[in-house]
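So the chains spell out like this:
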Amino acid sequence: MSEDETPELDTTADEDNAEEIENLRREAQALKRIRESMGSDSFVKEVFEKVFKEDIERLRGMEDMWKTRKPPQPLSYDALQQEATIIDTAISTLDQQVWRLIENFAVFKDSLHRLSKRLQDEQAAAMKNGSPKPIITFDKDDEDTLDFVTASANLRSTIFGIETKSKFDIKQMAGNIIPAIATTNAMTAGLCVLQAFKVMRGNYFGAKSAKMIYLERGGPRAMNSESLRPPNPDCAVCGIATSRLEVDPTRATLNDLVEDVLRLQLGYGEELTINNEVGTVYDPDLDDNLGKKFEDLGITDESFLTVIDDEEENPRVNLQFVVSSKALPEDGKPVVLATKPDIARRPRKPAAETNGETAIAVNPMTNGTSTAKRKRVADDADLDGGMPVKKTQAVAFVPGAEDAIVLDDGGDGAIVIDDD
């Protein structure tokens with residue numbers, strides 16, 4: 001192509017854009033005209049004609065859209081107005097009934113009158129007070145907006161041949177209401193209270209008679225029940241034993257809890273950990289707090305203490321204490337176990353096999369941390385300058401595994417399996 005030749009420019013896209021811009025301009029002008037007519041006698045007719053006639057006729061003009069389906073049928077305001085004179089707008093109170101076309105038209109007119117008057121009054125008040133310009137938003141409990149949405153939705157459904165709905169149905173859909181949720185909540189709360197009464201009786205037969213209750217949508221019965229299942233030791237919720245401690249805050253020390261309660265009364269061994277809301281307050285490697293009083297450790301009335309049994313063989317499930325501050329007799333113990341708990345044992349789990357090697361399983365009762373303690377054991381004594389020196393190794397005992405994993409501190413850090 002020579003420099004003197006000018007290529008033809010494709011202006012199709014520009015023409016399409018110009019046409020689209022012109023359509024948007026006309027649409028904006030039409031909406032502005034309708035907005036300015038609010039409060040006049042022609043306001044309702046202009047809104048109706050724009051939404052249910054002009055816009056629908058424009059859609060019908062897109063013939064490619066209606067080759068395989070029925071085109072929408074626009075509505076005539078004048079034709080409906082002749083019939084609507086004998087319709088009582090009190091039909092809007094019949095929310096369970098599906099309204100006829102003429103009834104939806106009457107409710108549409110009435111609700112639009114109510115909304116336009118309300119908006120004008122609010123705008124006048126806002127202008128007088130210097131407040132921001134108000135708007136009306138949909139609320140399923142606002143009868144004016146709900147009537148308008150119901151009538152408008154049904155009118156548009158009629159245009160497109162869609163099944164119309166009652167005011168109650170539309171309130172459920174537009175308000176995102178789950179049917180019968182209030183009834184279900186009431187039934188569930190009532191059943192919980194009935195079962196709680198059994199537990200609160202405090203006797204053997206009361207607690208044992210409590211049931212698990214199930215609500216069913218189908219079947220011969222609306223409710224079914226079954227006996228309570230025993231706590232699952234592997235469960236982080238029901239597998240925890242609970243009890244209450246009575247503590248004299250002026251005298252009680254952490255050592256009183258460890259020695260007098262946990263070891264003497266409950267039979268715990270050396271390997272245990274005590275946590276509170278902040279963190280660990282005691283374990284075999286953290287015994288600095290044993291002589292401290294509860295109040296010095298921030299353990300006050302209604303505080304929680306969790307005891308974790310770290311023994312390798314047949315450990316107990318976690319035990320949670322609720323602390324009750326109380327002035328106890330001077331000649332008695334400063335920490336008293338209010339009720340002796342029934343502490344279940346964790347089930348012994350077999351070691352998992354992975355390609356012929358023993359894998360270390362994590363116990364879920366310890367929040368993802370292994371309860372195995374590293375212990376120092378004496379190995380063969382070496383001589384260092386004529387003095388016997390004990391060679392130490394860190395041994396990690398894994399619950400469920402028959403062999404111990406030995407961490408060789410004196411060598412190159414290799415992990416070996418002790419077969420002895």
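Residues numbered from 1 in each chain as written. Predicted model: local features only at pLDDT ≥ 70, side-chain atom pairs only at ≥ 80, totals over all residues. Heavy atoms only, no water.

Some details on the environment of Leu215
(1) Moving on: Here Leu215 shows up in strand β1 (residues 211-215).
(2) Moving on: Residue classification places Leu215 among the partly exposed residues on the basis of a relative accessible area of 36%.
(3) Moving on: Separated by 28 residues in sequence, Leu215 and Met187 have C-alpha atoms that sit 8.9 Å apart.
(4) Moving on: Not counting the four nearest positions on each side in its chain, Leu215 is found in contact with Thr184, Met187, Thr188, Leu191, Ala222 and Met223. (Helix = DSSP H or I, 4+ residues; strand = E, 2+ residues; numbered from the N terminus. Buried < 20%, exposed > 50% of the residue type's maximum accessible area, 1.4 Å probe, protein only. Contact = heavy atoms within 4.5 Å.)

Details of the pairing of strand β6 (residues 304-309)
(1) Moving on: Bridge analysis of strand β4 (residues 272-275) against β6 gives 4 bridges, and the strand direction is antiparallel. Across the sheet, residue Leu272 finds its bridge partner in β6, namely Asp309.
(2) Moving on: Pairing of β6 with strand β7 (residues 319-325), which is carried by 4 bridges, proceeds in the antiparallel orientation. Counted as the bridge partner of Val307 is Leu319 from β7. (Pairing = 2+ DSSP bridges.)

A short note on the pattern of salt bridges
(1) Moving on: Inspection of the entire model under this criterion finds 29 salt bridges.
(2) Moving on: Taking the shortest distance from any N to any O, the salt bridge between Asp55 and Arg58 comes out at 3.3 Å. In this pair, Asp55 and Arg58 both sit in helix α2 (residues 43-60), 3 residues apart, roughly one turn of the helix.
(3) Moving on: Here the salt bridges do not stand alone but share partners, grouping Asp110, Arg114, Arg118, Glu122, Asp142, Glu143, Asp144, Asp147 and Lys167 into one network. (Salt bridge = Lys/Arg side-chain N within 4 Å of Asp/Glu carboxyl O.)

Focus on the packing of aromatic side chains
(1) Moving on: Under the defined criterion, the tally for this structure stands at 7 aromatic pairs.
(2) Moving on: Ring geometry for Phe52 and Phe108: centres 5.5 Å apart, planes at 75 degrees, overall edge-to-face. With a gap of 56 residues between them, Phe52 in helix α2 and Phe108 in helix α4 (residues 101-129) connect regions that are remote in the sequence. Grouping residues by exposure puts Phe52 and Phe108 together as buried.
(3) Moving on: A cation over a ring is seen here: Arg316 above Tyr268, with NZ or CZ 4.5 Å from the ring centre. (Phe/Tyr/Trp six-rings, centres within 6.5 Å; stacked < 30°, edge-to-face > 60°. Lys NZ or Arg CZ within 6 Å of the ring centre and 35° of its normal.)

Section: a nonpolar patch on the surface
(1) Moving on: Nonpolar side chains collect at one region of the surface, where Val193, Leu194, Phe197 and Met200 lie side by side and expose about 430 Å² of accessible area between them.
(2) Moving on: Tracing the backbone shows Phe197 in helix α7 (residues 181-200). (Patch = residues over 30% accessible without salt bridge, like charges linked within 9 Å, V, L, I, M, F, W, Y side chains within 5 Å. Areas by Shrake-Rupley, 256 points an atom, 1.4 Å probe, with all protein chains shown as cover.)

Description of the sheet that holds β4
(1) Moving on: Reading across the sheet, the 6 strands line up as β5-β4-β6-β7-β3-β8 and stay open at both edges, with mixed pairing between neighbours. Where the open sheet ends on each side, the last strands, each with one partner, are β5 (280-282) and β8 (335-337). Within the sheet, the average angular offset between the axes of one strand and its neighbour, ignoring direction, is 30 degrees.
(2) Moving on: Across 3 bridges, strand β3 (residues 241-247) lies against β8 in antiparallel orientation. Of the residues in β8, the one forming a bridge with Val247 is Val335. (Axes fitted to C-alpha atoms, helices over the stretch in contact; angles between N-to-C directions.)

Quick notes on the packing of α4 against helix α5 (residues 143-160)
(1) Moving on: With their axes 8 Å apart at the nearest point, α4 and α5 run at an angle of 140 degrees to one another. Considering their axes alone, α4 and α5 lie oblique with respect to each other. Of the two possible hands of crossing, α4 and α5 adopt the one that is left-handed. Within the contact between the two elements, α4 uses Leu101, Asn104, Phe105, Val107, Phe108, Ser111, Leu112, Arg114, Leu115 and Arg118 and α5 uses Glu143, Asp144, Thr145, Asp147, Phe148, Thr150, Ala151, Ser152, Asn154, Leu155 and Thr158.
(2) Moving on: Along the lines of polarity and charge, the residues of the contact of α4 with α5 split into 9 nonpolar, 7 polar and 5 charged. (Parallel < 35°, antiparallel > 145°, perpendicular 65-115°, else oblique. Left-handed = near helix turned anticlockwise from the far one by under 90°. Nonpolar A, V, L, I, M, F, W, Y, C, P; charged D, E, K, R; others polar.)

Brief notes about unusual backbone geometry
In most cases, non-glycine residues show a negative phi, while peptide bonds are predominantly trans.
(1) Moving on: We note that Glu302 has phi near 70 degrees; this positive angle belongs to a residue other than glycine.
(2) Moving on: Considering the arrangement of structural elements, one finds Glu302 in the loop between β5 and β6.
(3) Moving on: You can call Glu302 partly exposed: its relative accessible area is 43%.
(4) Moving on: Positive phi outside glycine occurs at Asn314, with the angle close to 50 degrees.

With respect to the side chain of Asp310
(1) Moving on: Mapped onto the fold, Asp310 is located in the loop between β6 and β7.
(2) Moving on: Here Asp310 falls in the buried class, since its relative accessible area comes to 4%.
(3) Moving on: One polar contact links Asp310 to Thr273, side chain to side chain, over a distance of 2.6 Å. (Polar contact = N/O pair within 3.5 Å; in protein donor to acceptor, adjacent residues only side chain to side chain.)

With respect to helix α9 (residues 254-263)
(1) Moving on: Counting buried residues along α9, 8 of its 10 residues qualify, which places the element largely inside the surrounding structure.
(2) Moving on: Every buried residue of α9 is listed here: Leu254, Asp256, Leu257, Val258, Asp260, Val261, Leu262 and Arg263.
(3) Moving on: On its buried face, α9 is in contact with β3, β4, β5, β6, β7 and β8.

With respect to the confidence of the model for the protein
The predicted coordinates of low-pLDDT regions are not to be read in fine detail.
(1) Moving on: With 76% of its residues at a pLDDT of 70 or more, the protein has an overall mean of 78.
(2) Moving on: Confidence drops under pLDDT 50 across residues 359-409; counting only partners more than four residues distant or on other chains, this segment forms 112 contacts. (pLDDT = per-residue confidence, 0-100.)

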